[in-house]
Amino acid sequence: ARIVAESYLAVGNWDLAKARVLSSNALQCRTAGGAERQERELRLRLKCLTHDQLTLLAHATAEDRAAIAWLAALKHINFAFEFAVEVLRDKLAALDPILRHSDYETYVDLKSAIHPELTQLSNVSRSKIRQVLLRMLREAGLLGAGAGLGTIQRPVLSPPVLRVVTADNPQWLAGFLVPDTEIERL
């Protein structure tokens, strides 16, 4: 994400940044197809960020980059935002920090009533979506080692991350498991 953000900030145009990233194999992918897929997914997420968020992503510490990359995912992937808020944050509020397989499956079943396309996913696709979401949660610091699928934990956000998130919309902090009472104070 940092590489794509840096390329965009250098040229100020998403198409030029894409060409720059792909022509130099900046993402260090083994195949051109893999590079194109990875660049496209990163670009789509990063296009949801504000200029200040992109700048922070390009120049921040590894922890802040992880937080801004998670913010980009939250803004682009509604399923990830809703899962973080409706499952992880609610479990923490209920003092139940263990994410279980049943928590995920129950959530998907509930969402299937609203989004019938979820029922049409193959078992392989459902498993892959869960695997990717769990990896993203771990990379963002929301899920640590532990029983079940892991232990839910609220990441510590630095002042620069808090500043760029709240300047955009404080409600995004819910995706970082911040309770509504704290969000309202901001």
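One can find the structure itself at the top, above this paragraph.
So, how was this worked out
- The numbers attached to residues start from 1 for each chain and follow its sequence in the written order.
- Two thresholds apply to this predicted model, a pLDDT of at least 70 for residue-level local features and 80 or more for giving and counting side-chain atom pairs, whereas whole-chain, interface and lining totals are computed over all residues.
- No hydrogens and no water enter the side-chain calculation; it runs on all heavy atoms of the structure.
- Two strands pair under a simple rule: DSSP has to find at least two bridges between them.
- We count a stretch as a helix when DSSP gives it H or I for four or more residues in a row; a strand needs E for two or more, and each element gets its number in order from the N terminus.
- Side-chain atoms within 4.5 Å link the members of a nonpolar core, which is a set of buried Ala, Val, Leu, Ile, Met, Phe, Trp, Tyr and Cys residues.
- With a 1.4 Å probe rolled over the protein chains alone, any residue whose accessible area is under 20% of its type maximum counts as buried; one over 50% counts as exposed, and the rest are partly exposed.
- In what follows, residue pairs with any heavy atoms lying within 4.5 Å of each other are defined as contacts.
- Centres within 6.5 Å are what make two rings of Phe, Tyr or Trp a pair, Trp counting through its six-membered ring; a difference in plane orientation under 30 degrees is then read as stacked, over 60 as edge-to-face, and the rest as tilted.
- For helices, the fitted line uses only the C-alpha atoms of the stretch in contact; every axis is such a line through C-alpha atoms, and the angle between N-to-C directions lies from 0 to 180 degrees.
- Oblique is the label for any angle not under 35 degrees, not over 145, and not in the 65 to 115 range, which are roughly parallel, roughly antiparallel and roughly perpendicular in turn.
- Should the near helix be turned anticlockwise from the far one by less than a right angle, the crossing is left-handed, and should it be turned clockwise, the crossing is right-handed.
- Under the grouping applied here, Gly and all other residues not named as nonpolar or charged are polar, the nonpolar ones being Ala, Val, Leu, Ile, Met, Phe, Trp, Tyr, Cys and Pro and the charged ones Asp, Glu, Lys and Arg.
- By this rule, a helix spans an expected 1.5 Å times one less than how many residues it contains.

A short note on the sheet that holds strand β3 (residues 150–152)
Sheet architecture is open: three strands sit in the order β1-β3-β2, paired in antiparallel fashion. Pairing within the sheet leaves two strands with one partner each, and these edge strands are β1 (98–99) and β2 (143–144). As judged from the two bridges shared by β2 and β3, these two strands associate in the antiparallel manner. Within the sheet, the bridge partner assigned to Gly 144 lies in β3 and is Thr 151.

Some details on the nonpolar core
Grouped together as the largest cluster of nonpolar side chains are 56 residues, with contacts concentrated most on Leu 46, Trp 70, Phe 83, Leu 88, Leu 99, Leu 137 and Phe 176. Looking at this core, the element that brings in the most residues is helix α6 (residues 78–93), giving eight residues. Apart from the residues lying within four places of it in its own chain, the contact partners of Phe 176 are Ala 67, Trp 70, Leu 71, Leu 74, Arg 154, Pro 155 and Leu 157.

Quick word on the packing of aromatic side chains
Per the stated rule, a full pass over the model turns up five aromatic pairs. Ring centres of Phe 83 and Tyr 107 lie 5.2 Å apart, and the angle between their planes is 75 degrees; this geometry places the pair in the edge-to-face category. Here Phe 83, found in helix α6, pairs with Tyr 107, found in helix α7 (residues 101–114); they are 24 residues apart in sequence, far enough to count as distant.

Overview of the packing of helix α4 (residues 51–59) against helix α5 (residues 62–76)
Packing of α4 against α5 leaves a shortest axis separation of 8 Å and a crossing angle of 140 degrees. By the criterion of interaxial angle, the relationship of α4 to α5 is oblique. For the crossing formed where α4 meets α5, the hand is left-handed. On the side of α4, the interface is formed by Gln 53, Leu 56 and Leu 57, while α5 contributes Arg 65, Ile 68, Ala 69, Leu 71 and Lys 75. Across the contact of α4 with α5, the residue classes tally to five nonpolar, one polar and two charged.

A few points about unusual backbone geometry
For Gln 28, which is not glycine, the phi torsion reads 55 degrees and is therefore positive. Among the secondary structure elements, Gln 28 is positioned in the loop between α2 (14–23) and α3 (32–46). A relative accessible area of 69% means that Gln 28 is categorised as exposed.

Concerning the environment of Asp 109
Here Asp 109 shows up in helix α7. By relative accessible area, which is 48% here, Asp 109 ends up partly exposed. On a C-alpha basis, the gap between Asp 109 and Thr 119 in space is 8.3 Å, while along the polypeptide they are ten residues apart.

Focus: α6
Under the 1.5 Å per step criterion, the end-to-end length of α6 is 21 Å for 16 residues, consistent within 8% with the ideal 22 Å. What α6 keeps buried is the set Phe 79, Ala 80, Phe 81, Glu 82, Phe 83, Ala 84, Val 85, Val 87, Leu 88, Arg 89 and Lys 91. Against the buried residues of α6 lie α5, β1, α7, α8 (123–139), β3 and α10 (180–185).

Looking at the packing of α5 against helix α9 (residues 159–168)
The relative placement of two packed helices is expressed as an angle between their axes plus a distance between the axes. Contact pair α5 / α9: the axes reach a minimum separation of 10 Å and the direction vectors enclose 20 degrees. By the angle between their axes, α5 is roughly parallel relative to α9. Our pair here, α5 against α9, has a crossing hand that is right-handed. When α5 is examined against α9, the residues Asp 64, Ala 67, Ile 68, Leu 71 and Lys 75 are found in contact with a partner set consisting of Pro 160, Val 161, Val 164, Val 165 and Asp 168. Across the contact of α5 with α9, the residue classes break down as seven nonpolar, no polar and three charged.

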